[in-house]
Amino acid sequence: MSVETMRPAEAEQQVVVQFAGDKLEQAAGGLLRDYREGLWMRRFAVNQTPCNRSWIIHPEHDRPVIDLSSDLPRLDWNAVSHLVTNTDSWVYRASESEVAVLQFAASLMGASVSLQSIMNALDRSIRFYRDDNDEYGMELLQRALREAVAF
């Protein structure tokens, strides 16, 4: 049984995002690409509204998390960090385990999130909802962590 509080967008689409050669970004991006067949990538591609980051002086410089207007779409990790550290953001309408995976990816890129709350959310999902997707999600987190520290 999957607990998903955020319905999929009507026009969800697959999007290919470019990641830099940095192993942390590769690991974090790979996690979001592989978790539930790119769930967060699809959601970010559909939601093309700017993130309304207060520190951006000129609103025209505020971009969506994935700006599809570019020939080489990239994930704006600062925007992801803003979304996961602001509990009023739209990402918190997703299930607890989905948010946990996003937080973990953002943490690899420097966002300040609680690893304990991420692990607890995934543990509850696996134990109480018997969600195979989240069991696989836990494996993806472990893989991303291994990739991030690989030499």
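Located above this text is the structure these notes cover.
Residues numbered from 1 in each chain as written. Predicted model: local features only at pLDDT ≥ 70, side-chain atom pairs only at ≥ 80, totals over all residues. Heavy atoms only, no water.

**Student:** An account of the overall build of the chain is requested, with residue identities and associated values reported.
**Tutor:** Broken down by element type, the chain carries 6 helices and 0 strands. Starting at the N terminus and ending at the C terminus, the chain contains elements arranged as α-α-α-α-α-α. In the chain, which comprises 151 residues, the share counted as buried stands at 44%. When contacts within the chain are restricted to residue pairs at least 6 apart in sequence, those whose partners lie at least 24 apart make up 62%. About 8,600 Å² of surface is accessible on the chain, with carbon and sulfur atoms providing 51% of the total. (Helix = DSSP H or I, 4+ residues; strand = E, 2+ residues; numbered from the N terminus. Buried < 20%, exposed > 50% of the residue type's maximum accessible area, 1.4 Å probe, protein only. Contact = heavy atoms within 4.5 Å. Areas by Shrake-Rupley, 256 points an atom, 1.4 Å probe, with all protein chains shown as cover.)

**Student:** I'd love a proper account of the packing of helix α3 (residues 77–85) against helix α4 (residues 96–108), names of residues and values included.
**Tutor:** Two numbers describe how α3 lies on α4: the axes approach to 10 Å, and their chain directions differ by 130°. One finds that α3 runs oblique with respect to α4. The element α3 and its partner α4 pack so that their crossing is left-handed. Across the interface between the two elements, Trp77, Val80 and Val84 from α3 touch Leu102, Gln103, Ala105 and Ala106 from α4. (Axes fitted to C-alpha atoms, helices over the stretch in contact; angles between N-to-C directions. Parallel < 35°, antiparallel > 145°, perpendicular 65-115°, else oblique. Left-handed = near helix turned anticlockwise from the far one by under 90°.)

**Student:** Could you give an account of the side chain of arginine 43, naming the residues involved and the relevant values?
**Tutor:** By the secondary structure assignment, arginine 43 is in helix α2 (residues 39–46). With a relative accessible area of 4%, arginine 43 lands in the buried category. A polar side-chain atom of arginine 43 sits 3.2 Å from a polar atom in the side chain of glutamate 98. (Polar contact = N/O pair within 3.5 Å; in protein donor to acceptor, adjacent residues only side chain to side chain.)

**Student:** Tell me what's going on with the pattern of salt bridges, and back it up with residues and numbers.
**Tutor:** Across all of its chains, the model carries 6 salt bridges by this definition. Beyond isolated ion pairs, a larger network of salt bridges with shared partners links Arg33, Asp34, Arg143 and Glu147. (Salt bridge = Lys/Arg side-chain N within 4 Å of Asp/Glu carboxyl O.)

**Student:** Describe the nonpolar core, naming the residues involved and giving the relevant values.
**Tutor:** Counting residues in hydrophobic clusters, the biggest one holds 37 residues, and the most contacted among them are Leu32, Trp40, Phe44, Leu75 and Val80. The biggest single contributor to this core is α4, with 8 residues. (Core = buried A, V, L, I, M, F, W, Y, C linked by side-chain atoms within 4.5 Å.)

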